[in-house]
Amino acid sequence: MANEKATESDFCKPTSKLGTIQIEPEGIRDLRTGPLVYWRVFRTFVRNSLVRAMGFRANFWLECVSSVCWTVMNLVFFKIVFTYTDSIGRDTGWGENEFFVFLGTTWIITSLIQTFVMPNAQEFSELIRTGQLDFALLKPIDTQFLISFPQMVWSNLANLFLGVFLVIYSVYLLTTNAENPLPFGVGHVVLYVLFLGCGLAILYSVMIAMAATSIWLGRNQTLYTFWFYLTNFYRQPMEIYQQGFWGWALWGLFTFVVPILLVVNVPARILAEPLRPGWDERTWALAGLTVLATCVTMAIARFVFQAALASYRSASS
Amino acid sequence: MSALGSRLNLWWAIFRVSVEERLVYRGDFAFGTLMRFLPMLTQIFLWWAIFDAMAARQGDGTDVNAIRIKGYNLHDMIAYMLLVMLARAFSSMPGLTSGIATSIQKGEIKKFLIQPVDMLGSLLLQRIAHKLVYYLIAIGPFALVFFLCRSFFDAGFPAPDQLLGLVLVLIGSFLLGFAMEACLGLVAFWLLEVSSLAFIFMLLSFFLSGHMFPLDLMPAPLDWIIGLLPFQYLAYFPSAVALGKVTGEELVWGIVVQYLWVIGFWVLCRWLWVRGLTRYGGYGG
């Protein structure tokens, strides 16, 4: 309900002119028609969730600190690992700095998903269970959009900054490396951001499709557990799985069936070029596969979502 | 029937209720336990890749299993991670801190003030009951995973004296985990909101107990400091004992120190409870 109140105040902004209060109705008109609706609604979601987070400021900062702590622990672990080895995997090129580009990318993606997608995916299951999805279905806007973005947990974004910093710092070390320096240009950044977007879209699709299944399963409280297991698999360079039968089987599963291994691997690979100079055939193939996988998973998620909505029967109220 | 008899009766009742409460969700439970081993897969492949890269640096034809990091070869490392799961099955106390904190916040501890039941004692009994049920069900998934991974245990099954030591250490880690988390929960008498404190504790414990990797890998000044802290007895020490890394006199001393920590934290618990009650005010019904 807090959502709706804030929405109202957003679109009926009281502005003080010459001491009188006027209500601007344009906002409401725009909400009903026009292609900018989605942007405006999204902006409202952002504002609402920021207001909510800032209501408990001390708690917000504490949450930031604790999520940063987890991440730093992760970094310390790999710092220690790299005192014993100089790369992750034989001839993979994932040396310390290359791997830290990878690690930073993992943090960026994980924090974005945990900020924007996870709270909503979780809430979606709850809406189904309690029957409150009815209200979302009645609204004159795409339901998938409406349930995908209303809540944002901003404190999870702290790791985004850490990730960006780690990536920039590691790329700097790689480019200034005397032997075999990393080639770096605007093209790298553009492609990196593009494939980050693909990765996010893939993870979003997987999570939304998973959440939508709770329409059939009744309850899906293990979504966070599922997410935890997924993160465990995608946050490693894919080369580590390419050993033995079970390794290749896992690699195949998470590259072609549930393509989460592409999520971090491809952008990190494009930026850090572990096997530099240049792209080998494998990088090209992976990049192509990622674009394809993004389209397919998005389509499947949409299909699953619609199919799930079709069999939604509300809950007794 | 003496006072002792009725007390035993009471304990038995608390214990039985807790067991039955726990058996309600047994299916979910067993599946959840098996799923918890999934991240092990990644761990195995990650360590494999690390050891493989080290072998490659030593020159072609070097056997991966000949590579050691601080005395751990690849098999030891994987066996260690598996044993940590076993140790954590004893020392982790999900919901204990938050449970105590909530009952202080909401005033539910009133019932312990008017009933002839000791809160810490009954919590311990409940926890023992829950753990026993947990082992009863988790032994399936655990046995399956350990059987599938048996080739990683180079030293084989521990010798009888070592096994006895391991049992003592695991019981100690259960008691230590309980006492440490109970202390944390009792801090709620003063702070009311302990969830952030509990989170920091969880982080510290995850890192300093050796949950992520064997503590032997820690660089020089850190390993010494960590050796002085109680966290290692929650995961690292039991695993090292099971792997046969700690034997003889060292093992005996380890157990002594572990139980001293248990006693220390238990005394602290009692003290916090008594001091906390003097601050506590229960209003309303």
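Residues numbered from 1 in each chain as written. Chains lettered and ligands numbered in written order. Predicted model: local features only at pLDDT ≥ 70, side-chain atom pairs only at ≥ 80, totals over all residues. Heavy atoms only, no water.

J.: Account for the nonpolar core, with residues named and values stated.
T.: If you look at the biggest cluster of nonpolar residues, it comprises 186 residues, and the most contacted ones within it are A:Ile88, A:Leu133, B:Trp47 and B:Leu186. Top element by residues in this core is helix α5 (residues 96–130) of chain A. It accounts for 17 residues. When near neighbours in sequence (up to four residues on either side) are disregarded, B:Leu186 contacts B:Ile100, B:Ile104, B:Met119, B:Leu120, B:Cys269, B:Leu272 and B:Trp273. Within the second largest apolar cluster, five residues are counted, among which are B:Phe15, B:Val19, B:Val133 and B:Ile137. (Core = buried A, V, L, I, M, F, W, Y, C linked by side-chain atoms within 4.5 Å. Buried < 20%, exposed > 50% of the residue type's maximum accessible area, 1.4 Å probe, protein only. Helix = DSSP H or I, 4+ residues; strand = E, 2+ residues; numbered from the N terminus. Contact = heavy atoms within 4.5 Å.)

J.: If you had to explain helix α12 (residues 244–257) of chain A to someone new, which residues and values would you point to?
T.: Its 14 residues give α12(A) an end-to-end C-alpha distance of 19 Å, which sits within 8% of 20 Å, the value for a rise of 1.5 Å per residue. Of all the positions in α12(A), only A:Gly247, A:Leu250, A:Trp251, A:Gly252, A:Phe254 and A:Thr255 are classed as buried. Those residues of α12(A) that are buried are in contact with α11 (223–234), α13 (261–272) and α14 (281–310) of chain A together with α3 (38–57) of chain B. (Expected span 1.5 Å × (residues − 1).)

J.: Give me the interface of chain A and chain B: which residues, what numbers.
T.: Listed per partner, the contact involves 30 residues of chain A and 34 residues of chain B. Between chain A and chain B, the buried area comes to about 2,900 Å², and carbon and sulfur atoms account for 74% of it. Applying the counting rule to chain A against chain B returns eight residue pairs in polar contact (both at pLDDT 80 or more). For the side of chain A that touches chain B, the elements supplying multiple residues, two or more each, are α4 (57–84), α11 and α12 of chain A. In terms of residues, the side of chain A that touches chain B owes the most to one element, α4(A), which gives twelve residues. By residue class, the composition of the side of chain A that touches chain B is 18 nonpolar, ten polar and two charged. (Buried area = accessible area lost by both parts, 1.4 Å probe. Polar contact = N/O pair within 3.5 Å; in protein donor to acceptor, adjacent residues only side chain to side chain. Nonpolar A, V, L, I, M, F, W, Y, C, P; charged D, E, K, R; others polar.)

J.: If you had to explain the confidence of the model for chain A to someone new, which residues and values would you point to?
T.: Low-pLDDT stretches of the model should not have their predicted coordinates read in fine detail. Residues and elements named next belong to chain A. Per-residue confidence for chain A gives a mean pLDDT of 83; residues scoring 70 or more make up 87%. Least confident of the elements in chain A is strand β1 (residues 14–17), whose mean pLDDT is 40; most confident is helix α8 (residues 158–175), at 94. Note on residues 1–24: pLDDT under 50 across the span, and 28 contacts to partners over four residues away in sequence or across chains. (pLDDT = per-residue confidence, 0-100.)

J.: Please set out the side chain of B:Arg127 residue by residue, giving values where relevant.
T.: You can see B:Arg127 is positioned in helix α7 (residues 119–148). If we ignore the near neighbours within four places in the chain, the residues touching B:Arg127 are B:Met93, B:Pro94, B:Gly95, B:Leu96, B:Phe174 and B:Phe178.

J.: A description of helix α5 (residues 96–105) of chain B should follow, citing residues and the corresponding values.
T.: Residues and elements named next belong to chain B. Turning to α5, its buried residues number three or more, namely Leu 96, Thr 97, Ile 100, Ala 101, Ser 103 and Ile 104. Across the axial projection of α5, the buried residues extend over an arc of 165°, all falling on one side. Buried residues in α5 make contact with α7, α8 (160–186), α9 (188–191) and α10 (195–208). Looking at the residues trailing α5, positive phi occurs at Gly 107, about 80°. (Arc of directions from axis to C-beta.)

J.: Got a sec to walk through the state of the cysteines? Specific residues and values, please.
T.: Within this structure, the stated rule accounts for zero disulfides over all chains. Here A:Cys198 stays unpaired: no disulfide links it, and the sulfur of A:Cys295, its closest cysteine neighbor, is 7.6 Å away. B:Cys269 supplies the cysteine sulfur nearest to B:Cys183, a cysteine that is in no disulfide, at a spacing of 3.6 Å. Accessibility expressed as a relative area gives 6% for B:Cys183, which makes it buried. (Disulfide = S-S within 2.5 Å.)

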